[in-house]
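A closer look at the structure
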Amino acid sequence: MSYRSPIADILFSLKAVAGLPELMESRLEGDFDWETISSVVTEAGRFATEEIAPLNRSGDIAGARYENGIVTTPPGFADVYRRWAEAGWGGVSAPPEFGGMGLPHLVNVACTEIWNGASMAFALCPLLTEGAIGALNSFGSPELLNAYLQPMISGRWTGTMNLTEPQAGSDLSAVKTRAERAPDGTYRLFGQKIFITYGEHDMAENIVHFVLARLPDAPPGTRGISLFLAPKYLANPDGSPGERNDLRCGGIEHKLGIHASPTCVMLYGENEGAKAWLVGEENRGLAAMFLMMNAARLAVGTQGVAIGDRAYQQALAFARERRQGRSRRQSGPDMSPIIEHPDVQRMLMTMKATVHAARGICHLTAASLDLAIHGRTVEERAEGADRAALLTPIAKAFSTDIGDEAASFGVQVHGGMGFIEETGAAQHLRDSRIASIYEGTNGIQSIDLVQRKLPLNGGETVANEIAGIREIARGVDERGDEAFGGTAARLADAADALEQATRTMRGWVATDPESALAGASQYLRLFGMTLGGACLAKAGLAADAMATSGDRSELARVSLARFFAEKLLPLASGIAQAIASGAAPLKEYEAVLGDTA
Ligand SMILES: Cc1cc2nc3c(=O)[nH]c(=O)nc-3n(C[C@H](O)[C@H](O)[C@H](O)COP(=O)(O)OP(=O)(O)OC[C@H]3O[C@@H](n4cnc5c(N)ncnc54)[C@H](O)[C@@H]3O)c2cc1C
């Protein structure tokens, strides 16, 4: 089955859920217009569908290869990457003074979904580069900006994020890579990083590594980490790649999925030390790293949406063709297409509804980032930054869980053929699995949500979010159209459950942190489901309003919102109940889990 980028759904969500046209009209600085944005997204969809998507399966089979320090990507990758870069796709929301298009981040997130739906393994290279561009743009010295931004935005040079070491994964305070000051004001790096995505490859003329390391006199823990830029080739005075730096790839991993994306061991300073430049201030690398990671976390959430949608498209096509059994509406002797069985309808509707819900959350997060950057007033920018901070862990963790679940449903809809590699359904499941692990595991996201984000502005940021959900439920209620079924009531119930759980969690953060940690992942799920239900209801209201003015083409969105509200949202109160039991059910874990020795 051939894959098509879901352009119409993405544009609808940008408009109806994120409210991009109104944002541009009344809240964002800058000269953006909807026509340009819609044609950029449409063209990205065409490029991804025609050029990138055909590489997905062949890339999975061929995989990236390592030999003597050289990494070769699968056939076609380097060529398509070159065309992708030449078309300017590396700079969708990058600053125009360095060759970017300067469009809102929402447009970039739309494109990120498009690239990742076509091939997640391919799209990881630009995803990491974009995070690096963001960190450099915010924290780099003028000299670094001049030397590195343009080649990275143009896609000629790619970027990496070097955080992880064998003993430092979720807990980066354990980073050991050593940085030494050189007399000329630069630094030398020594150490080993693992799991570095596109740390070495053959798609670009240079690779710019962003490396977390520790100076000899640095304080212990995360307050002693600095961020450095270390290119594979040192730049010549004319900007071209020159001498090779003292860093290399020591090997690549054999993985469950994303086979075409090289995951590298990187070795720094085996000789005189890898020449590096400080990004930001000494020992203040954490701030720069979080900026890089926040952008990347939203992008990884978008990967969940992308792969979930791809799995859905494939499962839908299969369910229309595959015949088994007789549905109740089948009168003749033939077997029915499996899509006529209510249980298969349930799986497909769940896939579609949850993917659309997750897309809505990612778009709301990106819209908040746009407000934080391009807002017209200080207050608007602060409001955007706070909302983006609250929503980022939800966008990352909820959406990647949904991507995984949708890919798993995709296999289930295919029956036994789903387990057989040649259908491609299994690849989506294998590829999606990493997204809930990297860029901070989903467990770590939920802790961030509960410990750092709920207390924002004394709890006002989260209260505003819940108030917004209630307003949408009221809007559906006031519309009073029976096509929405129980949408308003179920959404209001879920908002009640979320509000109650939020109160409990906020109390626990201060008085019983163990219970807050025990419920954090379930709380994030509850938040994602309720906010996702609100996104679908908002899209349904927009579709309904279009129908009132004569265009009934989007009315299925009302039924999608109703499905989510009636079939999935009732689980919200159950999750709230599970959260309420706190850490008590975990207390006897040693007795329950037994002695594993
Ligand atoms: C394919 C791939 C690509 C990657 N790309 C990059 C990259 O480009 N750059 C980079 O720097 N890294 C990269 N990583 C590393 C990735 O970000 C880490 O694997 C991830 O952050 C988890 O760290 P860990 O593997 O050490 O797991 P651990 O930190 O050991 O975690 C193991 C389990 O314990 C849980 N856990 C750990 N600490 C806590 C806690 N305090 N509270 C509750 N639960 C906890 C985790 O949620 C997880 O379930 C990549 C990894 C892979 C597999």
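Please read all numbers here as calculations on a predicted model, not as lab measurements.

1. So, the overall build of the protein
- When its secondary structure is counted, the protein shows 20 helices and twelve strands.
- Projecting the C-alpha coordinates of the protein onto the three principal axes gives extents of approximately 80 × 65 × 55 Å.
- Expressed as a percentage of the 597 residues in the protein, the buried residues total 56%.
- Total accessible area on the protein is roughly 24600 Å²; 52% of this is exposed by carbon and sulfur atoms.
- Taking the average location of the 54 positive side-chain charges in the protein and that of its 71 negative ones, the two points are 4 Å from each other.

2. Some remarks on the packing of helix α15 (residues 460-479) against helix α16 (residues 487-511)
- Between α15 and α16, whose axes approach to 8 Å, the crossing angle comes to 165 degrees. Relative to α16, the element α15 lies roughly antiparallel. Considering the relative orientation of α15 and α16, their crossing is left-handed. In this structure, α15 contributes Val-462, Ile-466, Ile-469, Arg-470, Ile-472, Ala-473, Val-476 and Asp-477 to the contact, and α16 contributes Thr-487, Ala-488, Leu-491, Ala-492, Ala-495, Asp-496, Leu-498, Glu-499 and Thr-502.
- For the contact of α15 with α16, the per-class residue count stands at eleven nonpolar, two polar and four charged.

3. So, helix α7 (residues 120-139)
- Relative to the 28 Å expected for 20 residues at 1.5 Å per residue, α7 spans 28 Å between its end C-alpha atoms, a close match to the ideal helical length.
- Buried residues dominate α7, accounting for 15 of its 20 residues.

4. What to know about the site of the ligand
- As a matter of local geometry, the ligand sits amid 19 residues, with Met-161, Thr-164, Ser-170, Phe-195 and Thr-441 nearest to it.
- For the ligand, an oxygen atom lies 2.8 Å from a polar atom in the backbone of Leu-163.
- One of the side-chain N or O atoms of Ser-170 is found 2.6 Å from an oxygen atom in the ligand.
- Considered on its own, the ligand offers 980 Å² of accessible surface; in the complex 61% of this is hidden by protein.
- Secondary-structure elements contributing two or more residues to the shell around the ligand are β3 (157-162), β5 (187-197) and α14 (442-453).
- Classifying every residue of the shell around the ligand by side-chain character gives ten nonpolar, seven polar and two charged.

5. Topic: the state of the cysteines
- Tallying each qualifying case throughout the model produces zero disulfides.
- Between Cys-249, a free cysteine, and Cys-264, which holds the nearest cysteine sulfur, the sulfur-to-sulfur gap is 3.9 Å.
- Look at Cys-249 and you get buried, because its relative accessible area is 1%.

6. Some remarks on the packing of helix α1 (residues 7-17) against helix α6 (residues 105-118)
- Two numbers describe how α1 lies on α6: the axes approach to 11 Å, and their chain directions differ by 155 degrees. One element, α1, and the other, α6, form an angle in the roughly antiparallel class. Here α1 runs over α6; the crossing is right-handed. On the side of α1, the interface is formed by Ile-7, Ile-10 and Leu-14, while α6 contributes Leu-106, Ala-110, Glu-113 and Ile-114.
- For the contact of α1 with α6, the class distribution of residues is six nonpolar, no polar and one charged.

7. A short note on the packing of aromatic side chains
- Enumeration over the complete set of coordinates arrives at nine aromatic pairs.
- Taking the ring centre of Phe-12 as reference, the NZ or CZ of Arg-557 above it sits at 4.0 Å.

8. A few points about the environment of Pro-54
- Following the sequence through the fold, Pro-54 ends up in the loop between α3 (34-52) and α4 (55-62).
- Residues Pro-54 and Ala-78, spaced 24 residues apart in sequence, show a C-alpha to C-alpha distance of 14 Å.

9. Observations regarding the nonpolar core
- Formed by 166 residues in total, the largest nonpolar core has its most connected members in Val-41, Trp-115, Phe-210 and Tyr-523.
- Per-element accounting of this core gives the leading share, 16 residues, to helix α9 (residues 285-321).
- The residues touching Tyr-523, leaving out its near neighbours within four places in the chain, are Leu-449, Val-450, Leu-454, Val-462, Leu-498, Ala-501, Thr-502, Met-505 and Ile-579.
- Residues Leu-189, Phe-228, Ile-252 and Tyr-268 belong to the second largest nonpolar core, which totals 21 residues.

10. A few points about the side chain of Ser-261
- Here Ser-261 lies in the loop between β10 (247-252) and β11 (263-268).
- Among the residues examined, Ser-261 registers a relative accessible area of 0% and is labelled buried.
- In contact with Ser-261, not counting residues within four places along its chain, are Ala-121, Leu-124, Thr-197, Tyr-198 and Lys-255.

11. Observations regarding the environment of Ala-407
- With respect to the secondary-structure elements, Ala-407 resides in helix α11 (residues 378-413).
- Counting along the chain gives 95 residues from Ala-407 to Tyr-312, while the straight-line C-alpha distance between them is 7.5 Å.
- Apart from residues lying up to four places away in sequence, Ala-407 is in contact with Ala-311, His-428, Leu-429 and Ser-432.

12. Considerations on the pattern of salt bridges
- In the structure shown here, the tally under the stated rule is 36 salt bridges.
- Among the ionic pairs, Arg-525 bridges to Glu-405, the shortest N-O distance being 2.9 Å. Remark: Glu-405 occurs in helix α11 and Arg-525 occurs in helix α17 (residues 513-548); sequence separation between them is 120 residues.
- With a shortest N-O distance of 3.4 Å, Glu-499 and Arg-470 are connected by a salt bridge. Taken together, the residues span a long stretch of sequence, with Glu-499 in helix α16 and Arg-470 in helix α15 at a distance of 29 residues.
- The class for Glu-499 is partly exposed, based on a relative accessible area of 29%.
- Put simply, Glu-51, Asp-79, Arg-82, Arg-83 and Glu-86 are held in one network by salt bridges that share partners.

13. Regarding the side chain of Asn-108
- Along the chain, the position of Asn-108 falls in helix α6.
- Using a relative accessible area of 7% as the deciding quantity, one classes Asn-108 as buried.
- Within the structure, Asn-108 has its side chain in polar contact with the side chain of Glu-130 (distance 2.8 Å).

The rules we used
Residues numbered from 1 in each chain as written. Predicted model: local features only at pLDDT ≥ 70, side-chain atom pairs only at ≥ 80, totals over all residues. Heavy atoms only, no water. Helix = DSSP H or I, 4+ residues; strand = E, 2+ residues; numbered from the N terminus. Buried < 20%, exposed > 50% of the residue type's maximum accessible area, 1.4 Å probe, protein only. Areas by Shrake-Rupley, 256 points an atom, 1.4 Å probe, with all protein chains shown as cover. Lys, Arg positive; Asp, Glu negative; His and termini not counted. Charge placed at Lys NZ, Arg CZ, Asp CG, Glu CD. Axes fitted to C-alpha atoms, helices over the stretch in contact; angles between N-to-C directions. Parallel < 35°, antiparallel > 145°, perpendicular 65-115°, else oblique. Left-handed = near helix turned anticlockwise from the far one by under 90°. Contact = heavy atoms within 4.5 Å. Nonpolar A, V, L, I, M, F, W, Y, C, P; charged D, E, K, R; others polar. Expected span 1.5 Å × (residues − 1). Near = heavy atom within 4 Å. Polar contact = N/O pair within 3.5 Å; in protein donor to acceptor, adjacent residues only side chain to side chain. Disulfide = S-S within 2.5 Å. Phe/Tyr/Trp six-rings, centres within 6.5 Å; stacked < 30°, edge-to-face > 60°. Lys NZ or Arg CZ within 6 Å of the ring centre and 35° of its normal. Core = buried A, V, L, I, M, F, W, Y, C linked by side-chain atoms within 4.5 Å. Salt bridge = Lys/Arg side-chain N within 4 Å of Asp/Glu carboxyl O.

On their own, these measurements won't tell you what the molecule is for.
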